[in-house]
Amino acid sequence: MKDIRKRPYRDAPGLIPEDLLGMTAACPVCGLETEIPWLEKMKFPQHPVKSDHGVAHWVPVGIPMHCSSEQCAHDFIVNVPILPDKNRWSLFGDEAGRYIAEPPSHHAEQPLSFFCITLVSLHQRRHDRLRKQVFNLKKSIRPSDDPDSWAHHFTEIWDDKAEAGAYRLPNKAAKIGHAKKFAQIIREARPELSSFNVSGCVFVPADPKERKKVLKQQKEHVFAESILTTLKEFRSREKSVNWTFDNVQDTTAGSKTEGWASECFLGLQYTRLFTWVSAGATVVEPKFAIPGSNFLLEVADFISYCVARDFERAIVGQCPEFPSSLLGQGFYQGTLGNGDRENVWSVGLPLRKFYGIDFA
């Protein structure tokens, strides 16, 4: 097997849960307390290893430490807190972004990029009902096509020209009505349906090379944060997770994982934080699926669209036609102006709390 240390990886975002800040571990030899370097790269990434028998995995349950005393300098292992794994949930995710080329000067002097990822989970007892509701909603706007044969991407629906005739939505008012119907379906599916939205906004440099670098890093960091945050939320509730994301690339030959996502995930596995938050559960790499292959990917797509549009409309002083508040209560995490991350359960994106803006 090729040495995993030779595989490319991408640095984990600077995200440390508040309850772990400043945590120390005592050296078993000299007793000195050493602060745990949660994001420092370990020599090896820690990941589950599949057993030769069955589908079980061997999982890492300790993190390496080095005593900070120069006289001692002992290497030791700190055991992570093991939480029960009562059941495994599937999370389905999709993204949305907005590039604000000319924001009002009182907000910013340069372009802004907003990017978010939404992950949704649904209790099994609600699956058939919600799947049928989404199926019927799609059927209402494309009655001649099997709803399972096409993906409901709201960007395409919103941008579609009436004369093209792709959807039975002749004008903007009809599209808004359709969006509100979808929002109602999502809202009424709660609390069995849970959604987790992770977002960030960055200033975009004028230099093309720097701009490309910043936008690439923004996407990678939000992706890694969405993985780490949802893992922490589910493991704290004694559940484990599998992730599936909508793949914007061609997957007609089957499922695949985008290279950058694998490298982001490997970057997380190099950190002590990821092993600690995993709390003894088997945590495997996210999968990327054919767009629209699961109705929950379509739900995630629509939630992300609404959240991104909230930001876009608020930054230019306008109100959204179908605000994210119509979606009901969800989990939101955003990056504050000082670089800190904050999360909250909220009815809609808390724009003022996260980004200091609001609708007109």
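Just above sits the structure.
These lines cover the structure that appears in this document, whether it is placed above or below. (Residues numbered from 1 in each chain as written. Predicted model: local features only at pLDDT ≥ 70, side-chain atom pairs only at ≥ 80, totals over all residues. Heavy atoms only, no water.)

## Description of the side chain of S51
Piece 1. Considering the arrangement of structural elements, one finds S51 in the loop between β3 (49-50) and β4 (57-58).
Piece 2. By relative accessible area, which is 18% here, S51 ends up buried.
Piece 3. Setting aside chain neighbours within four positions, we find S51 in contact with A56, H57 and W58. (Helix = DSSP H or I, 4+ residues; strand = E, 2+ residues; numbered from the N terminus. Buried < 20%, exposed > 50% of the residue type's maximum accessible area, 1.4 Å probe, protein only. Contact = heavy atoms within 4.5 Å.)

## What about the sheet that holds strand β7 (residues 87-100)?
Piece 1. One open sheet holds the seven strands; their spatial order is β11-β10-β7-β8-β9-β12-β13, and the pairing between them is mixed. With one partner strand each, in any of the chains shown, β11 (287-289) and β13 (341-347) form the two edges of the open sheet. Within this sheet the neighbouring strands show an average axis-to-axis angle of 25 degrees, counted without direction.
Piece 2. Two strands pair when backbone bridges link them, and strand β10 (residues 239-246) and β11 are joined in this way by three bridges, in the parallel orientation. Counted as the bridge partner of T244 is K287 from β11.
Piece 3. On the sheet, helix α7 (residues 295-315) packs against β7, β8 (112-122), β9 (193-203), β10, β11 and β12 (329-335) and is oriented at approximately 35 degrees with respect to β7. (Pairing = 2+ DSSP bridges. Axes fitted to C-alpha atoms, helices over the stretch in contact; angles between N-to-C directions.)

## Let's talk about the nonpolar core
Piece 1. Counting residues in each nonpolar core, the largest one holds 51 residues, and the members touching the most others are L130, L193, L296, V299 and F302.
Piece 2. Mapped onto this core, the elements with two or more residues apiece are β7, β8, α1 (127-141), α2 (154-159), α3 (172-189), α7 and α8 (351-355). (Core = buried A, V, L, I, M, F, W, Y, C linked by side-chain atoms within 4.5 Å.)

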